[in-house]
Amino acid sequence: MDVLDLGALTDAQEAQLEGDEDDPFDAAGLTLRFRIKERHVALAQDGVLLASAGLTRAQVAVSEVRFEVVGLGGVFVVAARRGQGLAREVVEHALERARAMGPPFALLFCHDDRAGLYERLGFSVIEAAVSVEQPGGFEPMVQLLTMSLPLVPAATWPPGPVTVHGFPF
């Protein structure tokens, strides 16, 4: 298995990963807009992409204290290879890159049925209210869980409401 560092995914790379799935990210019903990830970590075998995870830098404010996080999003495994541990593997590689980026935390948004994977990797659900920027202003994040992970020793997520500046990831 090869680990690849990619920029934004091309249309061809997205098509290779998503195949003919109608709703590859289970986004039907979500009303929020999400940002494009500028960087991806991918797993490939014999030149074929099998999994990817996107990374992006983002600004958040917690109780009015603003700081940078690494946003993790767009985690995806091709349908034929799901259930084989590839999501965990690609996220672990992505987190290695995230640690090297400098911000003290990784932040992600996920469906509640996927939280177990992220909890096993050390992420914790943020219980405070979370608002994300959208074209018409800030909206509450109620459709997905928000989870954080310290990327540096002794980092502790601060208490209080969270505001994500820019689209969620």
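None of the values given here were measured: they were computed from a predicted structure.

Participant: Help me get a handle on helix α2 (residues 86-101), residues and values and all.
Facilitator: The first and last C-alpha atoms of α2 sit 23 Å apart over 16 residues, in line with the 22 Å expected at 1.5 Å per residue. Gly 102 lies just past α2 and shows a positive phi near 110°.

Participant: Tell me what's going on with the nonpolar core, and back it up with residues and numbers.
Facilitator: With 36 residues, the main nonpolar core has Leu 55, Leu 72, Val 90, Val 91, Tyr 118 and Phe 123 as its most contacted residues. Counting residues per element, the ones that place at least two in this core are β2 (39-45), β3 (48-62), β4 (65-77), α2, β5 (105-110), α3 (115-120) and β9 (145-150). In terms of residue count, α2 provides more of this core than any other element does, seven residues in total. Filtering out sequence-adjacent residues up to four positions away, Phe 123 remains in contact with Leu 72, Leu 95, Ala 106, Leu 108, Tyr 118, Met 147, Ser 148 and Leu 149.

Participant: For unusual backbone geometry, give the residues involved together with the corresponding values.
Facilitator: The backbone phi angle of Glu 64 is positive, close to 75°, even though this residue is not glycine. Mapped onto the elements of the fold, Glu 64 is located in the loop between β3 and β4. With phi around 70°, Ala 154 is a residue other than glycine that occupies positive phi space. Following the sequence through the fold, Ala 154 ends up in the loop between β9 and β10 (162-165).

Participant: Tell me about the pairing of strand β7 (residues 130-134), and please be specific about residues and values.
Facilitator: Of the two faces of β7, only one is covered, namely that formed by Val 130, Val 132 and Gln 134; the face formed by Ser 131 and Glu 133 stays uncovered. Pairing geometry for β7 and β10, over three bridges, is parallel. For Val 132, the partnering residue across the bridge sits in β10 and is Val 164. The antiparallel hairpin formed by β7 and strand β8 (residues 137-140) contains two residues in its connecting segment.

Participant: Quick rundown of the environment of Phe 167? Include the residues and the values.
Facilitator: Within the secondary structure, Phe 167 sits in the segment after β10. According to the relative accessible area criterion, Phe 167 is partly exposed, its value standing at 22%. Each C-alpha atom, one on Phe 167 and one on Leu 32, is 8.3 Å from the other, the two residues being 135 residues apart in sequence. For Phe 167, the residues in contact, after removing those within four places along its chain, are Arg 33, Phe 34, Arg 35, Glu 133, Gln 134 and Pro 135.

Participant: So what's going on with the pattern of salt bridges? Which residues, and what values?
Facilitator: Per the stated rule, a full pass over the model turns up six salt bridges. Notably, a salt bridge pairs Glu 21 with Arg 82, separated by 2.6 Å at the nearest N-O pair. Here the residue Glu 21 occupies a position in the loop between α1 (11-18) and β2, and Arg 82 occupies one in the loop between β4 and α2, the gap between them amounting to 61 residues. A salt bridge links Glu 68 to Arg 57; the shortest N-O distance between them is 2.8 Å. Here Glu 68, found in strand β4, pairs with Arg 57, found in strand β3; they are eleven residues apart in sequence, far enough to count as distant. Relative accessible area serves as the criterion here: at 27%, Glu 68 is assigned to the partly exposed category. Taken together, the shared-partner salt bridges in this structure form one network comprising Asp 5, Glu 96 and Arg 97.

Participant: Please set out the packing of aromatic side chains residue by residue, giving values where relevant.
Facilitator: Centre distance and the angle of the planes are the two values used to describe a pair of aromatic rings. Inspection of the entire model under this criterion finds six aromatic pairs. Judged by centre distance (4.9 Å) and plane angle (80°), the rings of Phe 105 and Trp 157 are edge-to-face. Here Phe 105 is found in strand β5, whereas its partner Trp 157 is found in the loop between β9 and β10, with 52 residues between them in sequence. In terms of burial, Phe 105 and Trp 157 fall into one category: buried. A ring pair is formed by Tyr 118 and Phe 123, whose centres lie 5.8 Å apart and whose planes are at 80°; its orientation type is edge-to-face. Members of the aromatic cluster, connected to one another through ring pairs, are Phe 67, Phe 105 and Trp 157.

How each quantity is defined
- Residues numbered from 1 in each chain as written.
- Predicted model: local features only at pLDDT ≥ 70, side-chain atom pairs only at ≥ 80, totals over all residues.
- Heavy atoms only, no water.
- Helix = DSSP H or I, 4+ residues; strand = E, 2+ residues; numbered from the N terminus.
- Expected span 1.5 Å × (residues − 1).
- Core = buried A, V, L, I, M, F, W, Y, C linked by side-chain atoms within 4.5 Å.
- Buried < 20%, exposed > 50% of the residue type's maximum accessible area, 1.4 Å probe, protein only.
- Contact = heavy atoms within 4.5 Å.
- Pairing = 2+ DSSP bridges.
- Salt bridge = Lys/Arg side-chain N within 4 Å of Asp/Glu carboxyl O.
- Phe/Tyr/Trp six-rings, centres within 6.5 Å; stacked < 30°, edge-to-face > 60°.

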